[in-house]
Amino acid sequence: MAASVREKQTAALKRMLNFNVPPLKNTTAEPVWKVLIYDRFGQDIISPLLTVKELRDMGITLHLLLHSDRDPIPDVPAIYFVMPTEENIDRICQDLRNQLYESYYLNFISAISRSKLEDIASAALGANAVNQVTKVFDQYLNFITLEDDMFVLCNQNTELISYHAINKPDIMDTDMEAIMDTIVDSLFCFFVTLGAVPIIRCPRGNAAEMVAMKLDKKLRENLRDARNSLFTGDTVGAGQFSFQRPLFVLVDRNVDLATPLHHTWTYQALIHDVLDFHLNRVTIEESVGPEAGARPKKKNKKSYDLTAADKFWQKHKGSPFPEVAESVQQELDTYRAQEDEVKRLKSIMGLEGEDEGAISMLSDNTAKLTSAVSSLPELLEKKRLIDLHTNVATAVLDHIKTRKLDVYFEYEEKLMSKSTLDKSLLDMISDPDAGTPEDKMRLFLIYYITSQQPPSEMDLEQYKKALMDAGCDLCPLNYIKQWKAFTKMAATPTNYGNSGVKPMGLFSMVMNTGSQFVMEGVKNLVLKQHNLPVTRILDNLMDMKSNPETDDYRYFDPKMLRGSESSIPRNKNPFQEAIVFVVGGGNYIEYQNLVDYTKAKQGKRVLYGCSELFNAAQFMKQLSQLGQK
């Protein structure tokens, strides 16, 4: 898998913006100026991958939402990138009638149905604009890539395929079918873009199995239809793939409900947990204005993009938070040293006449100054990134300190690895200084989910009272209780590995007075590598290990002529490439755990995908809604 899914999706978008011909590498010709019209879905797919500057280099002068008021620009071609929904089609027909643009290139994010195509055709006839509709394409790009090895199905209307939607007790079969079809449609797009037909494994008897069966059927039908198959010829086998096909593991969120509630300690997961972090953009409220005075300070919202081009981010997004703080500090120090050097050279250049010594220094200083000046843009970019991470890390640190997140993280790790606790759970819940009501509820739910046998009625009442006193919403507990009773009949409790954290004493370097970060009282915890349930399932299936947890996983191979109902894998070789997909939502903790797992394995590549990406607060909200039923 030479090219990552991010590169492939970006290439597909660039091809689309170049009127669906591959852009030529070395032409100096001006690009054709054009307008890009997208809906919210299209916007979400493009924004993590292409910057405004890159769009401009591709000749996009204007990018507008389909449903905004747009003025006619009669002499410019327009590229549409939208979902084939009723209202979008109506709007496109209206554009044709109003003769907004010179020509129309219609690209649909996922395949458009025959009847909707006919609607567009009749509108074009009516508006006498048949010649202007130059091309209609199905792009099969209905998923969002966030990292080289991570994708999510959608960001708009996630409540339609959320954990809540799949697990609500009164769901109708027709609704469930619709949810599964939505998920399968996106996964199909993902594999078309990847250019590979996977081997599918999934557990039995839950939503993941339904997705697997539908996806197998859809891939199989497409492979059978030789004339229109999307997996032939130029897309597949053009040297993009090793000989082996990838393994596609589907798991259900219900395998592990503790991880999404877990407090975390790595940079990216922390940002997602405590700040507003969507599609690689983080938004922070910064207070500005004078400290003194009775008037409250104004809040300013600032947003920052955390991109693949940001080397610091790429290096440290998976590091424990204390390391990140130290690294930001080091970057800042080296930057200041470089800045001082430029200042010093400038001052020397000012004293040529007076000082004999200065003349002799001048010749080598000129060279130095030239190099210093030429490195200025680089320095400025560095400065921007340092400021960005200083602000983001400071915002995260505020949360850690006010909510004692380090204490929570350590305590939950102990609960999950069943090691001895130094403080009773009741004390943690009733401690008024530690955390928000939500933090306490998360802690208690993790205790409840991971405990071998649930607490006795008497203890439970006591906990409930303490939680109520702390101001917690108990609805999520109602749902988890039902869930636990149900899974107890079905399966053994999940084992979270013997994780554990070693406190390393308080911060050393960061405690220096010169540091931006005041870390007093925050524990310096170092993580031991351990596999979360999702990673463990993948490990068993990828290396063909026999394990009661995964032995009865179903096996689908869409390339086999007859769909055989077997769980016996046909090939016995371990896989080199795998995609894990969590039906019902995922999080950065699992993603990071898989990344760490892959680092330890030579030559293996793992992608992580999920139907939606939620943090603990958003997941609690869904559990709460389920608990109110």
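You'll find the structure just up there.
Residues numbered from 1 in each chain as written. Predicted model: local features only at pLDDT ≥ 70, side-chain atom pairs only at ≥ 80, totals over all residues. Heavy atoms only, no water.

Q: What is the right way to read the pattern of salt bridges from this model?
A: Close approach of charged atoms allows side chains with opposite charge to pair. Counted according to the given criterion, the structure contains 24 salt bridges. Among the salt bridges present, the one from glutamate 221 reaches lysine 217, with a minimum N-O distance of 3.8 Å. Placement of the pair is glutamate 221 and lysine 217 together in helix H8 (residues 207–224), with a separation of four residues, close to one helical turn. Assessed through its relative accessible area of 45%, glutamate 221 is described here as partly exposed. Two residues, arginine 403 and aspartate 439, come together in a salt bridge whose shortest N-O distance is 2.8 Å. Note that arginine 403 is positioned in helix H13 (residues 376–403) and aspartate 439 in helix H16 (residues 437–450), a separation of 36 residues in sequence. Via salt bridges that share partners, Asp273, Arg403, Asp439 and Arg442 belong to a single interconnected network. (Salt bridge = Lys/Arg side-chain N within 4 Å of Asp/Glu carboxyl O. Helix = DSSP H or I, 4+ residues; strand = E, 2+ residues; numbered from the N terminus. Buried < 20%, exposed > 50% of the residue type's maximum accessible area, 1.4 Å probe, protein only.)

Q: I would appreciate a short explanation of the sheet that holds strand E3 (residues 73–82) in the present structure.
A: The pairing of strands in a sheet happens through backbone hydrogen bonds and is either parallel or antiparallel. A sheet is described by the order of its strands in space; here five strands give the open sequence E2-E1-E3-E4-E5, paired in parallel fashion. Across the chains shown, the open sheet's two edge strands, defined by having one partner strand only, are strand E2 (60–65) and strand E5 (133–138). With direction set aside, neighbouring strand axes in the sheet form an average angle of 20 degrees. Taken together, the four bridges between strand E1 (residues 34–38) and E3 define a ladder with parallel strand orientation. The residue bridging leucine 36 from the neighbouring strand is isoleucine 79, located in E3. The strands that helix H1 (residues 5–17) touches are E1, E2, E3 and strand E4 (101–108); relative to E3, the one it contacts most, it runs at about 155 degrees. The sheet strands contacting helix H4 (residues 86–97) are E3, E4 and E5, and the helix crosses E4 at an angle near 165 degrees. (Pairing = 2+ DSSP bridges. Axes fitted to C-alpha atoms, helices over the stretch in contact; angles between N-to-C directions. Contact = heavy atoms within 4.5 Å.)

Q: Quick question: what am I supposed to make of the sheet that holds strand E15 (residues 554–556) here?
A: In space, the seven strands of this open sheet follow the order E6-E7-E17-E16-E9-E8-E15, with mixed pairing throughout. Each edge of the open sheet is held by one strand with a lone partner, namely strand E6 (144–147) and E15. Here the strands of the sheet are splayed against their neighbours by 20 degrees on average, with no regard to which way each runs. The pairing of strand E9 (residues 247–252) with strand E16 (residues 577–583) spans six bridges and is parallel. The residue bridging leucine 250 from the neighbouring strand is phenylalanine 581, located in E16. Packed onto the sheet, H1 meets E6 and strand E17 (605–610) and runs at close to 135 degrees relative to E6. Taken strand by strand, helix H19 (residues 533–542) contacts strand E8 (199–202), E9, E16 and E17, and its axis lies near 145 degrees from that of E9.

The quantities given are spatial measurements derived from coordinates; they are silent on function.
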